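# Examining the three-dimensional arrangement
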Amino acid sequence: MPNAYISGTGFHVPPRVVTNDDLARDYGIDTTNEWIVQRTGIQERRFAEEGVGTSDLALPAAEMAIARAGIEKTDLDMIVFATLSPDHAFPGTGVYLQRKLGLLDGANPKFVPALDVRNQCSGFLYGLATATSIVQAGGARHILLVGAETHSAALDLTTRGRAVSSLFGDGAGAVIVSATEEDRGIRAWKLGSDGRFADHLCQKVWDTTKRPFIPQDARGIGQVDPSMMWASMDGRQVFRHAVERMIGVLMETCLKLGLTGNDIDLYAFHQANLRVNQYVQHQLGIPDEKVLHNIERYGNTTAATIPLLLAEAEQDGRLRRGMKVAMVAFGSGFTWGAAIADW
Ligand code: UT7
């Protein structure tokens, strides 16, 4: 059985920076820089321009990961795309990325499988577990795994929506999960979910219990009530469960490998809230220099946070070959996961 390792990382964020003050000034949201920084650590985020969707953000991230892995795009055997903000309700965004990568161009189109993963903030780790298992089973040698979000298209950028809209930003991260005979790679992963809390962080714009799924007016035009249109979140419940589950799943994954927290060289925690991660870090006694974060610059980019962290850290030299890396996430569902890799 081959090992599965991350052979390349890439990222892309849209150029437009939106600071906390911009949310107040440009969108008229009743908020302050102090409130957002104090509660979340976020200073600014990126918003993509109109006309740019999730597969567009994913494309440069994927191209960077392919280049850094030292492979050609035609070497890809599969695409796994994690997002909660797909280009469209269906089909999945993976097929749009396949097309934009040019895999279907020319005389020998690559009809690689494209799988979308819908596990929100844990989506990247659900995708990593899937890609790792397929590579280890011999089903693929190189899998492109992307986490990308265009949240700015679906944020209630008014005071009504401030508790959610001040947290999220747009961005994309990508990795290549490759087969290797070398003694390295993803050593263990663990995933979990608790559907009792499905309604505590959700966006119900798509509701198949309704006939039709979006109510219509007399002219047949869909009418979406704001309570359905925008994400809703019980922030305090999310905070409490995030801390508990992230600590639990990290410890379980370490235990699987007979490791302690001290054996880990670098932690890539999902970037939902700096305070959540600081709490986890302090509970486990993890020193600052072992923890990556970029939430202050990008906000919560959901499925993109972990690959974005990895790609930036590899670029600036903080993440190096031979390091033991722990990745941990928690989010809507509730869902959570962790993975440990020998880089
Ligand atoms: O991937 C999962 C993503 N989600 C998370 O990780 C969220 C985890 N939870 C949190 O980060 C925190 O719960 C929040 C930062 C979202 C909220 O902090 P909080 O201390 O739990 O605030 P709260 O929701 O209890 O709201 C307190 C007050 C409310 O005003 P009133 O009702 O007391 O008058 C909110 O309306 O703060 C108000 N508020 C804001 N004020 C200024 C909410 N958002 C804002 C804002 N600016 N952006």
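Above this text you will find the structure in question.
Quick summary incoming for the structure in this document.

Conventions used here
Residues numbered from 1 in each chain as written. Predicted model: local features only at pLDDT ≥ 70, side-chain atom pairs only at ≥ 80, totals over all residues. Heavy atoms only, no water. Helix = DSSP H or I, 4+ residues; strand = E, 2+ residues; numbered from the N terminus. Expected span 1.5 Å × (residues − 1). Buried < 20%, exposed > 50% of the residue type's maximum accessible area, 1.4 Å probe, protein only. Near = heavy atom within 4 Å. Polar contact = N/O pair within 3.5 Å; in protein donor to acceptor, adjacent residues only side chain to side chain. Areas by Shrake-Rupley, 256 points an atom, 1.4 Å probe, with all protein chains shown as cover. Core = buried A, V, L, I, M, F, W, Y, C linked by side-chain atoms within 4.5 Å. Domains from an automatic or database assignment. Contact = heavy atoms within 4.5 Å. Disulfide = S-S within 2.5 Å. Phe/Tyr/Trp six-rings, centres within 6.5 Å; stacked < 30°, edge-to-face > 60°. Pairing = 2+ DSSP bridges. Axes fitted to C-alpha atoms, helices over the stretch in contact; angles between N-to-C directions.

With 22 residues, helix 8 (residues 235-256) ought to run about 32 Å at 1.5 Å a step, and its terminal C-alpha atoms sit 31 Å apart, in line with that. Listing the buried residues of helix 8 in full gives Gln-237, Val-238, His-241, Ala-242, Val-243, Met-246, Ile-247, Val-249, Leu-250, Thr-253 and Cys-254. Following helix 8 by one or two positions, Gly-258 has its phi on the positive side, about 70°.

As a further point, take the site of the ligand. Surrounding the ligand, one finds 20 residues, the nearest of these being Thr-31, Arg-39, Cys-121, Arg-162 and Asn-273. Note that an oxygen atom of the ligand is positioned 2.5 Å from one of the side-chain N or O atoms of Arg-39. In the environment of the ligand, an oxygen atom lies 3.0 Å from a nitrogen or oxygen atom belonging to the side chain of Arg-162. Taking 950 Å² as the accessible area of the ligand by itself, protein coverage stands at 73%.

With an omega of 0°, the peptide bond running from Phe-90 to Pro-91 counts as cis. Locating Pro-91 in the fold gives a position in the loop between strand 4 (78-82) and helix 4 (93-100). With omega at -20°, the peptide bond leading from Gly-333 into Phe-334 counts as cis. Within the secondary structure layout, Phe-334 lies in the loop between strand 13 (324-331) and strand 14 (335-342). Backbone geometry at Gln-120 places phi at a positive 50°, although glycine is not the residue there.

Among the nonpolar cores identified, the biggest contains 35 residues, and Phe-124, Leu-128, Leu-310 and Met-327 are the most heavily contacted of them. With 6 residues, helix 5 (residues 123-136) is the largest single contributor of residues to this core. Two domains each provide a minimum of three residues to this core, namely domain 1 (3-182) and domain 2 (186-199 + 230-342). In contact with Leu-310, other than residues within four places in its own chain, are Ile-6, Thr-9, Phe-124, Ala-268, Leu-319, Val-325, Met-327 and Trp-343. Ranked by size, the runner-up nonpolar core spans 25 residues in total, among them Val-238, Met-246, Phe-334 and Trp-336.

Structurally, Gly-8 is set in strand 1 (residues 3-12). Remark: the alpha-carbon pair of Gly-8 and Tyr-298, spanning 290 residues in sequence, is separated by 21 Å. Not counting residues within four places of it along the chain, the set of residues in contact with Gly-8 comprises Ala-65, Arg-68, Ala-69, Ala-174, Val-175 and Ile-176.

Turning to the state of the cysteines, a few remarks are in order. Using the criterion set out here, one finds 0 disulfides in the structure. The thiol of Cys-202 is unpaired, and the distance to the nearest cysteine sulfur, on Cys-121, comes to 13 Å. Take Cys-202: its relative accessible area is 17%, and that puts it in the buried class.

For the rest of this paragraph, the subject is the packing of aromatic side chains. A full pass over the atoms with the stated rule returns 6 aromatic pairs. Ring plane angle 5° and centroid distance 5.1 Å describe the contact between Phe-197 and Phe-334, whose orientation is recorded as stacked. Here Phe-197, found in the loop between strand 8 (185-193) and strand 9 (201-202), pairs with Phe-334, found in the loop between strand 13 and strand 14; they are 137 residues apart in sequence, far enough to count as distant. The residues Phe-197 and Phe-334 share a single accessibility class, namely buried. Relative to Phe-334, the ring of Phe-330 has its centre 5.0 Å away and its plane inclined at 55°; by these criteria the two rings are tilted.

Glancing now at the sheet that holds strand 11 (residues 266-269). Spatially, 8-14-13-11-12 is the arrangement adopted by the 5 strands of the open sheet, whose pairing is mixed. A single partner strand is all that each edge strand has here, and the edge strands are strand 8 and strand 12 (291-292). As judged from the 4 bridges shared by strand 11 and strand 13, these two strands associate in the parallel manner. Counted as the bridge partner of Leu-266 is Val-325 from strand 13. Sitting on the sheet, helix 5 touches strand 8, strand 13 and strand 14, and the angle it makes with strand 8 is about 130°. Packing against the sheet, helix 8 makes contact with strand 8, strand 11, strand 13 and strand 14, and its axis sits at approximately 145° to strand 13.

So far we have only geometry, and geometry alone does not tell us how the molecule works.
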